[in-house]
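# Structural characterization, general
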Amino acid sequence: MIVIIDYSMGNSGSILNMLKKIGANAISSSKMPDIEKADKLILPGVGAFDNGMTNLNKSGLIPILNEIIFNKKIPILGICLGMQLLAKRSEEGTLSGLGWLDAEVVRFKFDTSCNLKIPHMGWDTVELVKENCMFKGLEQSRFYFVHSYHVVCHNRLDILAETCYGYNFVSAVQKDNIIGVQFHPEKSHKFGMTLLRNFVEL
């Protein structure tokens, strides 16, 4: 069973609907017993970094998530803010992140001559940095983005894919069983459906 972690920061309903559309056994829950028996986890997220970490801390789930992720090696997929929370810190706030990745989150910074808007919003291509089963069948794909901040990995081996918006930024990561995508697969139609199906089949 896949459990979408409900900590009041994500559009978990849209993710749940897409998972059900591809035939996955999935629920959205904030209950510890559900999370403990999950085969896979999804950490969604829309909004500000500090709000996300505040809600996760209030939920009391972080200790059990650390146990599940690092000892049981249960796969987890962070989506958008959920991917950013995997990092150690963010320029957007003052609270520490989960620290599961040696990474930080920074705001897009463009030269004054650049007319690109922030947030980065809309469809964009994703270029694989290394082969990975999460992107099986997605060698040429486009996904939907909405974000003003992006992850900077200090270990390049954790980078799964990049996207260019003024410059290349990290749009997908993987460190062992920890996976993250900056885009919204639940808003990315057939491409997002394929990516989620790949996650289900890991």
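Residues numbered from 1 in each chain as written. Predicted model: local features only at pLDDT ≥ 70, side-chain atom pairs only at ≥ 80, totals over all residues. Heavy atoms only, no water.

### A short note on the overall build of the protein
- Counting its secondary structure elements, the protein contains six helices and 13 strands.
- Its C-alpha atoms give the protein a radius of gyration of 16 Å, within 12% of the compact-globule value 17 Å for 202 residues.
- Over its C-alpha atoms, taken along the principal directions, the protein stretches across nearly 55 × 40 × 30 Å.
- Relative to its full complement of 202 residues, the protein shows a buried share of 52%.
- At a minimum sequence separation of 6, the contacts of the protein that also span at least 24 residues come to 72%. (Helix = DSSP H or I, 4+ residues; strand = E, 2+ residues; numbered from the N terminus. Rg over C-alpha atoms; globule rule 2.2 N^0.38 Å. Buried < 20%, exposed > 50% of the residue type's maximum accessible area, 1.4 Å probe, protein only. Contact = heavy atoms within 4.5 Å.)

### Digging into the state of the cysteines
- The tally for this structure, following the rule as stated, stands at zero disulfides.
- No disulfide involves cysteine 114; its nearest neighbouring cysteine sulfur is the one of cysteine 164, lying 9.8 Å away.
- With no disulfide of its own, cysteine 153 lies 15 Å from the sulfur of cysteine 80, the closest cysteine sulfur. (Disulfide = S-S within 2.5 Å.)

### Brief notes about the pairing of strand 4 (residues 76-79)
- The two faces of strand 4 match: Ile76 and Gly78 on one face and Leu77 and Ile79 on the other face are all buried.
- Looking at chain direction, strand 3 (residues 40-43) and strand 4 are connected through three bridges and run parallel. Bridged to leucine 41 within strand 4 is isoleucine 76.
- Bridge analysis of strand 4 against strand 13 (residues 178-181) gives four bridges, and the strand direction is parallel. (Pairing = 2+ DSSP bridges.)

### Observations regarding the nonpolar core
- Ile5, Leu41, Leu85 and Leu98 are the most contacted members of the largest nonpolar core, which totals 36 residues.
- Counting only elements with at least two residues in this core, the list comes to strand 1 (2-5), strand 3, helix 3 (49-59), helix 4 (62-70), helix 5 (81-84), strand 6 (103-107), strand 10 (149-153) and strand 12 (167-175).
- Looking at this core element by element, the count peaks at five residues for helix 4.
- Leave out the neighbours within four places in its chain, and leucine 85 touches Tyr7, Leu43, Phe49, Gly52, Met53, Leu56, Gly97, Leu98 and Gly99.
- Core analysis: the next-biggest nonpolar cluster, separate from the first, contains 31 residues, Ile4, Ile42, Ala161 and Phe169 among them. (Core = buried A, V, L, I, M, F, W, Y, C linked by side-chain atoms within 4.5 Å.)

### Structural notes on unusual backbone geometry
- Of note, the bond from isoleucine 118 into proline 119 is cis; its omega dihedral lies within 30 degrees of zero at 15°.
- Tracing the chain through its elements places proline 119 in the loop between strand 6 and strand 7 (120-125).
- Located in the positive-phi region is serine 8, a residue other than glycine, with phi close to 60°.
- Checked against the element boundaries, serine 8 lands in the loop between strand 1 and helix 1 (12-21).

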